[in-house]
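Fold and geometry: a report
These are the residues of each chain, in order.
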Amino acid sequence: MWRGRAVAFCVGCQSLANSSYGVKGKSPLQKLHLVSRSIHHPHYTSSKFQRPPLRTSIQQFSSLNRLPLRKTKLLSVKYGYLPHRNFWVARLASRLLKLRYLVLGSAVGGGYTAKKTYDQWKEMLPDLSDYKWIVPDIIWELDEHIDFEKLSKALPDAEDLAKLLPDFDKIGESLSSLKGFFSPGSQGETAFRATDQGYENDKQYKKVSDKEKIDQLQEELLHTQLKYQRILERLEKENKELRKLVLQKDDKGIHQRKLKKSLIDMYSEVLDILSDYDASYNTQDHLPRVVVVGDQSAGKTSVLEMIAQARIFPRGSGEMMTRSPVKVTLSEGPHHVALFKDSSREFDLTKEEDLAALRNEIEIRMRKSVKEGCTVSAETISLNVKGPGLQRMVLVDLPGVISTVTSGMAPDTKDTIFSISKAYMQNPNAIILCIQDGSVDAERSIVTDLVSQMDPHGKRTIFVLTKVDLAEKNVASPNRIQQIIEGKLFPMKALGYFAVVTGKGNSCESIDSIKDYEEEFFQNSKLLKTCMLKAHQVTTRNLSLAVSDCFWKMVRESVEQQADAFKATRFNLETEWKNNYPRLRELDRNELFEKAKNEILDEVISLSQVTPKHWEEILQKTLWERVSTHVIENIYLPAAQTTNSGTFNTTVDIKLKQWTDKQLPNKAVEVAWETLQEEFSNFMTEKKGKEHDDIFDKLKQAVKEESIKRHKWNERAEDSLRVIQHNALEDRSISDKQQWDAAIHFMEDTLQNRLKDTESVIEDMVGPDWKKRWLYWVGRTKEQNIRNETKNELEKMIKCNEDHAAYLANDEVTTVRKNLEAKGVAVDPCLIKDTWHQVYRRHFLRTALSHCNLCRRGFYYYQRHFVDSELECNDVVLFWRIQRMLAITANTLRQQLTNTEVRRLEKNVKEVLEDFAEDGDKKVKLLTGKRVQLAEDLKKVREIQEKLEAFIEALHQEK
């Protein structure tokens, strides 16, 4: 009976061995039948063992389940086979069973690690969504040429593939049978106990101390992190090169499609518009920025340079260098360059010459923004930095916080810096990057108190401890650094704490050398080895990654709310415009300037449409008004004092020659230029009825003044004009009676105008006559009475000698004075001469007018050269020569105006308008008013809202 049970057991083992080839279960132990083959049976040795014939397939899968294993005594000790039993088989089985848990645990842990590694690699991969155009269009059109549905139907089904796999369910049943064999109380229990006992011995043999194991793991972890850090840096460099190649191929013309703006560029444009819209930083603007604050010389600028990967800021040892906020927009690009928002020049950050020029330009802009009597300015300088591998974000570097105002600073410097810092940090969505110098005592920190006031809960603050290398050397207790990084020393709270090293203090160090020094320091630092600092809290690279993640998280959370706020502002402004200016278009300052520019250019063009007759009449009239006094006083009157016609003509020719050589051409050019200005001003200031818009008056006046200031008459015009005038004045031949009459008319009008002016002067000297005194009840002053008596005495002298000379002799002055003294009038000799000048002038003009009337019929005598005639009309010939010179000069000046000067003036006006168009301050000064400001605000708000909506759409597409 016992032998039968043993045979049955052997048959069961053999059936298990045979059945294992057809298992379909999911058990990992697919070759478990090898264990059954190696078990020694008591009655059948392995060499003589014969496999019994199997009758049915049911016996193969149910033999072990139906055997009464607990009752069998196959492995009983009394048979004496214990020395021959080998327990390594049982030990192997137990370890295989334990291997199941190890495999399952490894699978779970490995899956988690693989997922984490995949996520990290996914974040490191470049965002190629903007470069989809690089892939040929045919790739995106494959679905039109290939029927993927037919292709999927041609592939085998999942059921057909499953038939090719083993039956894992049968493997599971075999495992459960083997587990029952080794259950407690069975004869295999002893084998398992022996196996466990050997395993415990091995465990104790290999056990090491916990402290040594922790140290070893920490050392391995540090080396592993550094190893992977180097791998990441190598991959980043390769990534940069690939990006460069992609964009450089596009530059060479492979694809002419325009690249889309990156998200950070779109966001930066919104911030620039907001900065222009309200330079005082409107607190309603709650768009996120990374605000960099810290004590003076704490290393703010150095941290920004490490993030931007370039030495772009001016530096000074202990001196305040950041005098105004600097907005730095970091974005990815094929080349490492920097440019200002209001300039097209690109600074190559890989060249030291461009870096020096950039630092100098930033320093110049800072000093220009600071007003006289101040030390710092709230005006923001906007700078864009592009380069491969840069983290996308917007940072604002603020002036360093100071505790004492030193000599050379404005008294309000400290308060101004605090107000600027608070204005930026009050933004509830601003990320505060608090920079603390690790080489100084923590108690001397000022910025931490300021940050704790602005962000008491630390929900948007990132703390950065700089100069950790100096801190490790100088600080007696390293635990103090650990307390700072853990947020236990300062009263402020923060989202994260970082420790960085930004160089050895040498301004000539390159970014790569600083990175190497930082990596070397933290690799050998006790702070990291003793776990005072964690690996993710060190290096500027980890800092930039954390700041970028926090920045974009804040942007995604707040940008839509800000877009809604600007949408409401736009509605309010549009409503105000409709109520105040319902019939006017919403033209902002630039549009108004373009409208005024077109009007001004039309008015300049209208100058060329002025008729030649109008030009010549104005020029001739104006020129004679300018030179008439000189002609009468310096040419005609001295020549008229001569006794004969020959002396008269000689005197006239000499004086005309002198006048032409020295004064006349220059005076004529001045008259022409003033005439052009006057006509231009008339066109500019002309009212155009209801269409006239007085909002342009200041701009037109400024354009007119600047254009006239820039315009200069052609210098050669005077030389050519001098020759023409000299030839015109030398001609004395009056061809016909019409010209003679015109000359007499011209002379008569001139003399009558001069006579009126002289009589007006005499009336002012002697006072009103008896008619005005009786009619208007006015009287004479004492001086007027004296002059009146002097005038009467001089008129008596002229009546006695009508051919009296133009000047009084000294004895005549004495005679007049004595005659007046006899009447009781004391008079000065100078007053007598002054009064004589006007009295004689009136007498001369009256005589000349009477002579002019006599010469009306003198053309006949003129043709005979006044031979055998007592009538001499040389003065008429003089005025004809003057009149002819005026006409020829006016014609010449008109030609210069229409052919040259009007075009030059038009060119100057265009240049002035172009200069004004580029000068925003000029337009703000010249185009003012509530209407302009409302339209300007409406335009800005619309532009901000549209750009925000475009940015939000792009942001959603990137997700």
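Just so you know, the residues in each chain are numbered from 1, in the order the chain's sequence is written. Totals for whole chains, interfaces and linings use every residue, but because this is a predicted model, local features are given only for residues with pLDDT of at least 70 and side-chain atom pairs only at 80 or more, for both listing and counting. Side-chain metrics in this entry use all non-hydrogen atoms of the structure; hydrogen atoms and water are not considered.

The terminal C-alpha atoms of helix α24 (residues 645-662) lie 26 Å apart, and with 18 residues this matches the ideal 26 Å at 1.5 Å per residue to within 8%. Classification of residues uses two cut-offs on accessible area relative to the type maximum, computed with a 1.4 Å probe and protein chains only: under 20% is buried, over 50% is exposed, and between them is partly exposed. Note on conventions: DSSP H or I runs of at least 4 residues are helices, E runs of at least 2 residues are strands, and numbering of each starts at the N terminus. All of the buried residues in α24 are Phe648, Thr651, Val652, Leu656, Trp659 and Thr660. Projected onto a plane normal to the axis of α24, the buried residues spread over an arc of 155° and lie on a single side. Buried positions along α24 lie against α23 (612-640), α25 (664-685), α27 (716-730) and α34 (874-918). Of the residues that open α24, the one with a side-chain oxygen 3.3 Å from the backbone nitrogen of glycine 646 is asparagine 644. Given the number of residues in a helix, its expected span is that number minus one, multiplied by 1.5 Å. Taking the helix axis as origin, the arc is that swept by the directions to the C-beta atoms. It only takes one pair of heavy atoms within 4.5 Å for two residues to be counted as in contact. The term polar contact refers here to a pair of N or O atoms within 3.5 Å; inside protein, the definition further demands a hydrogen-donor-capable atom paired with an acceptor-capable atom, and it admits residues adjacent in sequence only when both atoms are side-chain atoms.

On to a negative patch on the surface. Together, Glu911, Glu914, Glu918, Asp919 and Asp921 make up a negatively charged patch on the protein surface. Looking at which element gives the most residues to the negative patch, the answer is α34, with three residues. Here aspartate 919 shows up in the loop between α34 and α35 (920-926). When its relative accessible area of 31% is taken as the criterion, aspartate 919 is described as partly exposed. Candidates for patches are residues over 30% relative accessible area with no salt bridge; among them, like charges are joined within 9 Å and nonpolar side chains (Val, Leu, Ile, Met, Phe, Trp, Tyr) within 5 Å. Note that accessible areas follow from Shrake-Rupley with a 1.4 Å probe, and for residues the cover is restricted to the protein chains shown. Should a side-chain nitrogen of Lys or Arg be within 4 Å of a carboxyl oxygen of Asp or Glu, the pair is scored as a salt bridge. Charge counting follows a simple rule: Lys and Arg are positive, Asp and Glu are negative, and His as well as the terminal groups are ignored. Charged groups are reduced to one reference atom each: NZ for lysine, CZ for arginine, CG for aspartic acid, CD for glutamic acid.

Scanning all chains against the criterion turns up 37 salt bridges. Note that arginine 367 and glutamate 363 form a salt bridge whose closest N and O atoms lie 3.3 Å from each other. Residue arginine 367 and its partner glutamate 363 are located together in helix α14 (residues 352-369), separated by four residues, close to a single helical turn. Here glutamate 901 and arginine 904 are joined by a salt bridge, their closest N and O atoms 3.0 Å apart. Pair noted here: glutamate 901 and arginine 904 are both in helix α34, with a separation of three residues, about one helical turn. Exposure remark for arginine 904: the relative accessible area of 30% places this residue in the partly exposed category.

Okay, the nonpolar core next. Definition of nonpolar core: a set of buried residues of the types Ala, Val, Leu, Ile, Met, Phe, Trp, Tyr and Cys, connected through side-chain atoms within 4.5 Å. Membership of the largest hydrophobic core comes to 98 residues, with the highest contact counts inside it found for Tyr636, Trp659, Trp740, Ile882 and Val909. In terms of residue count, α34 provides more of this core than any other element does, 17 residues in total.

A surface patch of nonpolar side chains, about 350 Å² in accessible area, is lined by Leu775, Tyr776 and Val778. With respect to the element layout, tyrosine 776 can be found in helix α29 (residues 770-776).

Helix axes are fitted only over the stretch in contact, all axes being lines through C-alpha atoms; the angle between N-to-C directions runs from 0 to 180 degrees. The N-to-C vectors of helix α31 (residues 810-822) and helix α32 (residues 829-854) enclose an angle of 105°; their axes lie 10 Å apart at closest approach. It follows that α31 is roughly perpendicular to α32 by the angle criterion. The segment α31 lies against α32, with Asn810, Val813, Val816 and Arg817 engaging Pro829, Ile832 and Lys833. Every angle not falling under 35 degrees, over 145, or within 65 to 115 is termed oblique; those three ranges are roughly parallel, roughly antiparallel and roughly perpendicular.

Let's shift gears to the sheet that holds strand β7 (residues 393-397). A pair of strands is treated as paired once DSSP finds two or more bridges between them. The mixed open sheet is built from nine strands, whose spatial order is β5-β4-β6-β3-β7-β2-β8-β9-β10. Each edge of the sheet is formed by a strand with only one pairing partner; in this case those strands are β5 (347-348) and β10 (496-499). Here six bridges tie strand β8 (residues 431-437) to strand β9 (residues 461-466), and the two strands are oriented parallel to one another. Within the sheet, the bridge partner assigned to glutamine 436 lies in β9 and is leucine 465. Relative to the sheet, helix α13 (residues 300-308) contacts β2 (290-294), β3 (326-331), β6 (381-386), β7, β8 and β9, its axis offset from that of β7 by approximately 160°.

Our next topic: the environment of glutamate 372. Mapped onto the elements, glutamate 372 comes out in the loop between α14 and β6. For the pair glutamate 372 and alanine 410, spaced 38 residues apart in sequence, the C-alpha separation works out to 9.8 Å.

The next point concerns the packing of helix α22 (residues 589-607) against α25. Where α22 meets α25, the axes come as close as 9 Å, and the angle between the chain directions of the two elements is 135°. When the axes of α22 and α25 are compared, the pair comes out oblique. Between α22 and α25 lies a crossing whose hand is right-handed. Touching Ile600, Glu603, Val604, Ser606 and Leu607 of α22 are Leu676, Glu679, Phe680, Phe683 and Met684, all from α25. Asp, Glu, Lys and Arg are counted as charged, while Ala, Val, Leu, Ile, Met, Phe, Trp, Tyr, Cys and Pro are counted as nonpolar; the rest, among them Gly, fall into the polar class. Class assignment for the residues of the contact of α22 with α25 results in seven nonpolar, one polar and two charged. By the definition used in this description, the sense in which the near helix is turned from the far one sets the handedness, with an anticlockwise turn below a right angle giving left-handed and a clockwise turn giving right-handed.

Another point: the packing of aromatic side chains. Planes of paired rings set the category: under 30 degrees apart is stacked, over 60 is edge-to-face and the rest tilted, where pairs are Phe, Tyr or Trp rings (Trp by its six-membered ring) whose centres lie within 6.5 Å. Summed over all chains, the structure comprises 14 aromatic pairs. Their ring planes at 80° and their centres at 5.7 Å tell us that tyrosine 267 and phenylalanine 551 sit as a pair that is edge-to-face. Taken together, the residues span a long stretch of sequence, with tyrosine 267 in helix α12 (residues 263-277) and phenylalanine 551 in helix α21 (residues 540-580) at a distance of 284 residues. For phenylalanine 551, a relative accessible area of 0% gives the class buried. Clustering of aromatic rings is evident, with ring pairs tying together Trp624, Tyr636, Phe746, Phe844 and Phe879.

Our focus in this paragraph is the pairing of β2. Most of β2 is tucked away, with five of its five residues classed as buried. Along β2, one buried face is formed by Val290, Val292 and Gly294 and the opposite face, lined by Val291 and Val293, is buried too. In this structure, β2 lies alongside β7, joined through three bridges in parallel fashion. Paired with valine 292 across the bridge in β7 is aspartate 397. Of the pairings in the sheet, the one linking β2 to β8 comprises five bridges and is parallel in character. Counterpart to valine 290 in the pairing with β8 is isoleucine 431.

Moving on, we get to the state of the cysteines. In protein structure, a disulfide is the covalent linkage between the sulfur atoms of two cysteines. The term disulfide is used for any two cysteine sulfur atoms that are within 2.5 Å. Counted according to the given criterion, the structure contains one disulfide. Note on cysteine connectivity: cysteine 855 is disulfide-linked to cysteine 873, with sulfurs 2.1 Å apart. Judged by the sign of its S-S torsion, about -100°, the cystine formed by cysteine 855 and cysteine 873 is left-handed. Highlighted residues: cysteine 855 in the loop between α32 and α33 (859-863) and cysteine 873 in the loop between α33 and α34, separated in sequence by 18 residues. We note that cysteine 855, like cysteine 873, is buried.

This part covers the side chain of serine 302. Looking at the element boundaries, serine 302 is found in helix α13. A relative accessible area of 11% places serine 302 in the buried class. For serine 302, the contacting residues outside a window of four places in its chain are Arg315 and Thr502.

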